Amino acid sequence: MSFEAKRCGVQFSPPSIVLIYQHKETKDVRKRIIPVRNFSKYSDCSMAAEGLKNHPRHRDYLEGVSQSQLEKLHIILRDHMQGLSLEHSLASFRLDPDEDLNQLDDDKLARKKGKMDELFEKNRKHKDDPDFVYDLEMDFSKTTQEKCSWDEEPDDGF
């Protein structure tokens, strides 16, 4: 049996992964609700996602869904169990260039780093890409630097 995953989501009550998939041969589009059992607000999301992906009943359906996507869905479920809103949980996956990452706890920092790695791999140029240029040199125009008071002081014998 071959299935193509179209969409993935979560259902909070009862905690479940919702999968919209299409049967490749008959072209039927169906919805499968996969209950997330033995999962609490203290559970390890990566282990739960890996267990769900390798489960014999759901393996064929979740073949087209990445491990990281399942981890994100489990993190959203765990955040909901901890009392966080959906907006807060989704905001933790977004990248803000002005955000100070030194102020984040380990869990949120790991989320941000994972998103950065994903974005890097998406934008990365490989040798096999048609627009790949080896040893690309770019000339950046120099910007005027601001004068600082310590630049104007004499060296006083140094």
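Everything quoted here is computed from the prediction, not taken from an experiment.

Some remarks on the sheet that holds strand β3 (residues 29-35)
Argument step 1. Strands sit in the order β1-β2-β3 across an open sheet of three strands; the sheet is antiparallel. Lying at the two open borders of the sheet, with one neighbouring strand each, are β1 (3-11) and β3. With strand direction ignored, the average angle separating the axes of adjacent strands in the sheet is 25°.
Argument step 2. Of the strand pairs in this sheet, β1 and strand β2 (residues 16-23) are connected by eight bridges, and their pairing is antiparallel. The partner of Ala-5 across the bridge, within β2, is Tyr-21.
Argument step 3. Here helix α2 (residues 67-81) sits on the sheet and contacts β1 and β2; the angle it forms with β1, its principal contact strand, is near 15°.

A few points about a nonpolar patch on the surface
Argument step 1. A contiguous nonpolar patch, built from Val-133, Leu-136, Met-138 and Phe-140 and spanning about 490 Å² of accessible area, is present on the exposed surface.
Argument step 2. Residue Leu-136 is classed as exposed on the basis of its relative accessible area, which comes to 57%.

Examining helix α1 (residues 45-53)
Argument step 1. Within α1, the full set of buried residues consists of Cys-45, Ala-49, Leu-52 and Lys-53. The arc that holds every buried residue of α1, seen down its axis, measures 95°, which confines them to one face.
Argument step 2. Packing partners of the buried residues in α1 comprise β2, β3 and α2.

Brief notes about the pattern of salt bridges
Argument step 1. Scanning the entire structure with this criterion turns up ten salt bridges.
Argument step 2. For Lys-72, the salt bridge identified is with Glu-118, shortest N-O distance 3.2 Å. One end of the pair, Lys-72, is in helix α2; the other, Glu-118, is in helix α4 (residues 106-123), and 46 residues separate them in sequence.
Argument step 3. Here Arg-111 and Asp-79 are joined by a salt bridge, their closest N and O atoms 3.0 Å apart. Here Asp-79 lies in helix α2 and Arg-111 lies in helix α4, a separation of 32 residues in the sequence.
Argument step 4. A relative accessible area of 8% means that Arg-111 is categorised as buried.
Argument step 5. You can call Asp-79 buried: its relative accessible area is 2%.
Argument step 6. If you follow the salt bridges from partner to partner, you end up with Arg-78, Asp-79, Asp-107 and Arg-111 in one network.

Description of α2
Argument step 1. With 15 residues, α2 extends 21 Å between its outermost C-alpha atoms, agreeing within 8% with the 21 Å of an ideal straight helix rising 1.5 Å per residue.
Argument step 2. Taken residue by residue, α2 has Leu-70, Leu-73, His-74, Ile-75, Ile-76, Leu-77, Arg-78 and Asp-79 as its buried positions.
Argument step 3. Immediately beyond the C-terminal end of α2, within one or two residues, lies Gly-83, with a positive phi of roughly 95°.

Basis of the calculations
Residues numbered from 1 in each chain as written. Predicted model: local features only at pLDDT ≥ 70, side-chain atom pairs only at ≥ 80, totals over all residues. Heavy atoms only, no water. Pairing = 2+ DSSP bridges. Helix = DSSP H or I, 4+ residues; strand = E, 2+ residues; numbered from the N terminus. Axes fitted to C-alpha atoms, helices over the stretch in contact; angles between N-to-C directions. Contact = heavy atoms within 4.5 Å. Patch = residues over 30% accessible without salt bridge, like charges linked within 9 Å, V, L, I, M, F, W, Y side chains within 5 Å. Areas by Shrake-Rupley, 256 points an atom, 1.4 Å probe, with all protein chains shown as cover. Salt bridge = Lys/Arg side-chain N within 4 Å of Asp/Glu carboxyl O. Buried < 20%, exposed > 50% of the residue type's maximum accessible area, 1.4 Å probe, protein only. Arc of directions from axis to C-beta. Expected span 1.5 Å × (residues − 1).

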